[in-house]
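So you can see what is in the structure, the chains are spelled out below.
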Amino acid sequence: LNSTLQCLLYTPPLINYLLSDHKKHCRSQGFCVSCGLLQLYNAVHGSSGGACRPSAFIHHLKLIAKHFCYGRQEDAHEFLIHVRDKMIQQFLHSHPKVDSTKKDTTPAHAVFGGKLVSTVTCSQCSYQSHTNECFLGLGLDVRHSETIQQSFNKLCKKETLSGTKLLQMRKV
């Protein structure tokens, strides 16, 4: 809980959104994750260097992740995903006029998301097929790399299709 919240409080694009846009447009009734982050940010940066207790997150932990229990060791990455997803859910609930085709354009998507563009080129006719895929998280295999950049390069490396995969592309 603490490590995840500390990382979020030092994520400039998220804090910029919270300080500029969220406060003006929040219509959430009850606990709002974004408002909770903003309150915690103000407490951390307005304090005299003392510790701040994330009371709102502790009190509403079950709202964010039903299976989490305060005081029990939990997975920080899993908590981050639940916080992010709750932010998206609450944003969409507060903005019901958001077009369903634009649901991947929430502030959380702008902070945590991205787009992968996959290009497949036929080795026989040079036809290219392009696919765009939005994501909110990338799984990188860091076990066999010395740096994050190497892991990312492996994810994005050029592949040669053959056999069944090549036949599937020809049918498309």
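Residues numbered from 1 in each chain as written. Predicted model: local features only at pLDDT ≥ 70, side-chain atom pairs only at ≥ 80, totals over all residues. Heavy atoms only, no water.

1. Focus: the overall build of the protein chain
Then comes step 1: Tallying secondary structure elements over the protein chain gives 9 helices and 2 strands in all.
Then comes step 2: Counting only residues that meet the buried cut, the protein chain has 26% of its 172 residues in that class.
Then comes step 3: Long-range contacts, defined as pairs at least 24 residues apart, comprise 42% of the intrachain contacts of the protein chain with a sequence gap of at least 6. (Helix = DSSP H or I, 4+ residues; strand = E, 2+ residues; numbered from the N terminus. Buried < 20%, exposed > 50% of the residue type's maximum accessible area, 1.4 Å probe, protein only. Contact = heavy atoms within 4.5 Å.)

2. Considering the environment of Gly113
Then comes step 1: Inspection of the secondary structure assignment puts Gly113 in the loop between α7 (107-112) and β1 (114-121).
Then comes step 2: Using a relative accessible area of 28% as the deciding quantity, one classes Gly113 as partly exposed.
Then comes step 3: Residues Gly113 and Phe135 lie 22 residues apart in sequence; the distance between their C-alpha atoms is 5.4 Å.
Then comes step 4: When residues no more than four places from it in sequence are discounted, the contact partners of Gly113 are Ala108, Phe135 and Leu136.

3. Some thoughts on the pairing of strand β2 (residues 128-135)
Then comes step 1: Where β1 lies against β2, 8 bridges are found, and the strand directions are antiparallel. Paired with Thr121 across the two strands is Gln128, which belongs to β2.
Then comes step 2: Linking two consecutive strands that pair antiparallel, namely β1 and β2, is a turn of 6 residues; a positive phi of about 65 degrees is found at Ser126 within it. (Pairing = 2+ DSSP bridges.)

4. Concerning the confidence of the model for the protein chain
Then comes step 1: Taken residue by residue, the protein chain gives an average pLDDT of 84. The fraction at 70 or more is 89%.
Then comes step 2: At the level of individual helices and strands, the protein chain shows its lowest average pLDDT in helix α9 (residues 163-171), which scores 55, and its highest in helix α1 (residues 2-9), which scores 92. (pLDDT = per-residue confidence, 0-100.)

5. So, the packing of aromatic side chains
Working definition: an aromatic ring pair is given by the centre-to-centre distance plus the angle between the planes.
Then comes step 1: Here the structure, examined in full by the defined rule, presents 2 aromatic pairs.
Then comes step 2: Pairing Phe31 with Phe57 gives two aromatic rings, centres 5.5 Å apart and planes at 85 degrees, and the pair type is edge-to-face. With Phe31 in the loop between α2 (12-25) and α3 (33-46) and Phe57 in helix α4 (residues 55-59), this residue pair connects regions lying 26 residues apart in the sequence.
Then comes step 3: Given a relative accessible area of 12%, Phe31 falls into the buried group. (Phe/Tyr/Trp six-rings, centres within 6.5 Å; stacked < 30°, edge-to-face > 60°.)

6. Here's the deal with a nonpolar patch on the surface
Then comes step 1: Together, Leu138, Phe152 and Leu155 line one region of the surface with nonpolar side chains, adding up to about 230 Å² of accessible area.
Then comes step 2: By relative accessible area, Leu155 is classed as partly exposed at 39%. (Patch = residues over 30% accessible without salt bridge, like charges linked within 9 Å, V, L, I, M, F, W, Y side chains within 5 Å. Areas by Shrake-Rupley, 256 points an atom, 1.4 Å probe, with all protein chains shown as cover. Salt bridge = Lys/Arg side-chain N within 4 Å of Asp/Glu carboxyl O.)

7. Describing the side chain of Thr106
Then comes step 1: Tracing the chain through its elements places Thr106 in the loop between α6 (76-94) and α7.
Then comes step 2: Among the polar contacts listed, one links the side chain of Thr106 to the side chain of His109, at a separation of 2.6 Å. (Polar contact = N/O pair within 3.5 Å; in protein donor to acceptor, adjacent residues only side chain to side chain.)

8. Topic: the nonpolar core
Then comes step 1: Core analysis: the largest hydrophobic core is formed by 22 residues, its most contacted members being Val33, Leu37, Phe57 and Phe79.
Then comes step 2: For this core, the secondary-structure elements that each account for two or more residues are α1, α2, α3, α5 (61-64) and α6.
Then comes step 3: Here this core takes 5 residues from α3, the largest share from any one element.
Then comes step 4: If near-sequence neighbours (up to four positions away) are discounted, Phe57 is found in contact with Leu1, Leu5, Phe31, Val33, Gly36, Leu37, Leu40, Ile64 and Phe79. (Core = buried A, V, L, I, M, F, W, Y, C linked by side-chain atoms within 4.5 Å.)

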